[in-house]
Amino acid sequence: GAVVSQHPSRVICKSGTSVKIECRSLDFQATTMFWYRQFPKQSLMLMATSNEGSKATYEQGVEKDKFLINHASLTLSTLTVTSAHPEDSSFYICSATGTHYNEQFFGPGTRLTVL
Amino acid sequence: AQSVSQHNHHVILSEAASLELGCNYSYGGTVNLFWYVQYPGQHLQLLLKYFSGDPLVKGIKGFEAEFIKSKFSFNLRKPSVQWSDTAEYFCAVNGGQAGTALIFGKGTTLSVSS
């Protein structure tokens, strides 16, 4: 199956700093990428959908100025958590799909801890 | 509103017991249905999926699910669980179009004792 990678797998940062998370499709062209957030012992909540070359579409309640998403190429999307605070600590997961797929392929996730 | 409901929050079974996890969805139009598994400390893995055709879908590791359109259900089953099946299970749905975001249920924790 198609492979999606995320980097970094874990990041610890100080409150007020910004953190960038990368999501890459390794062996297919990802026309659409999704960013999810998962709190401990809870389900995945969709944060935003991004199509290559377009602005991301954010779900209700997700601050677009805080969670900056860029999908500049068919293999890379980035999520930047700006001015991170402890409440932003979570597990961030990306997924990707392409023109010939009806399913999404998930990355391994990034554990963000904000001190 | 679109939603997925998983009835069982935590299921505890002994090895060799049979498993059925409930999933109901509310979604207008054509749907694709999925079950994902998340083992402790690992990322999501696709167990099985339904797009169309035979409503009884077989997936990996002996799992299967049945799509019952009239009941808006997509229950996951396994005849005989193993200790290694201990994990979190998520039901998810999206529209029939490629590039549609997934809506996840809250998940069911399965604990299997040996």
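What counts and how
- Residues numbered from 1 in each chain as written.
- Chains lettered and ligands numbered in written order.
- Predicted model: local features only at pLDDT ≥ 70, side-chain atom pairs only at ≥ 80, totals over all residues.
- Heavy atoms only, no water.
- Pairing = 2+ DSSP bridges.
- Helix = DSSP H or I, 4+ residues; strand = E, 2+ residues; numbered from the N terminus.
- Axes fitted to C-alpha atoms, helices over the stretch in contact; angles between N-to-C directions.
- 1 Å grid on protein atoms, 1.4 Å probe; cavity = no way out; pocket = protein on both sides within 12 Å on 5 of 7 lines; lining within 4 Å.
- Points joined across faces, edges and corners; volume = space filled by probe spheres on them.
- Nonpolar A, V, L, I, M, F, W, Y, C, P; charged D, E, K, R; others polar.

A.B. asks: Explanation requested: the sheet that holds strand β3 (residues 19-25) of chain A in the structure shown.
C.D. replies: Residue and element names in this part refer to chain A. Read from one edge of the open sheet, 4 strands run β1-β3-β8-β7, paired in antiparallel fashion. The open sheet terminates on both sides in strands that have one partner only, identified here as β1 (4-7) and β7 (67-73). Along the sheet, successive strands turn relative to each other by an average axial angle of 15 degrees, direction set aside. Of the pairings in the sheet, the one linking β7 to strand β8 (residues 76-81) comprises 5 bridges and is antiparallel in character. In the sheet register, I69 faces β8, and the bridge partner there is L79.

A.B. asks: What should I look at first to understand the layout of surface pockets in this one?
C.D. replies: The rolling of a water-molecule-sized probe over the atoms marks out the regions of remaining empty space. Reported here for the largest pocket is a volume of approximately 570 Å³. In terms of lining residues, the largest pocket is bounded by 23 residues, among which R111 of chain A together with Q38, Y39, P40 and G41 of chain B are the most central. The element contributing the most residues to the lining of the largest pocket is strand β10 (residues 87-95) of chain B, with 3 residues. In terms of residue class, the lining of the largest pocket is made up of 9 nonpolar, 10 polar and 4 charged. Of all the secondary-structure elements, those providing two or more residues to the lining of the second largest pocket are β5 (44-51) of chain A together with β1 (3-5) and β11 (103-104) of chain B. Among the elements that make up the lining of the second largest pocket, the one with the highest residue count is β5 of chain A (3 residues). Residue composition of the lining of the second largest pocket, grouped by class: 10 nonpolar, 8 polar and 3 charged.

All we've got here are geometric facts, nothing functional implied.
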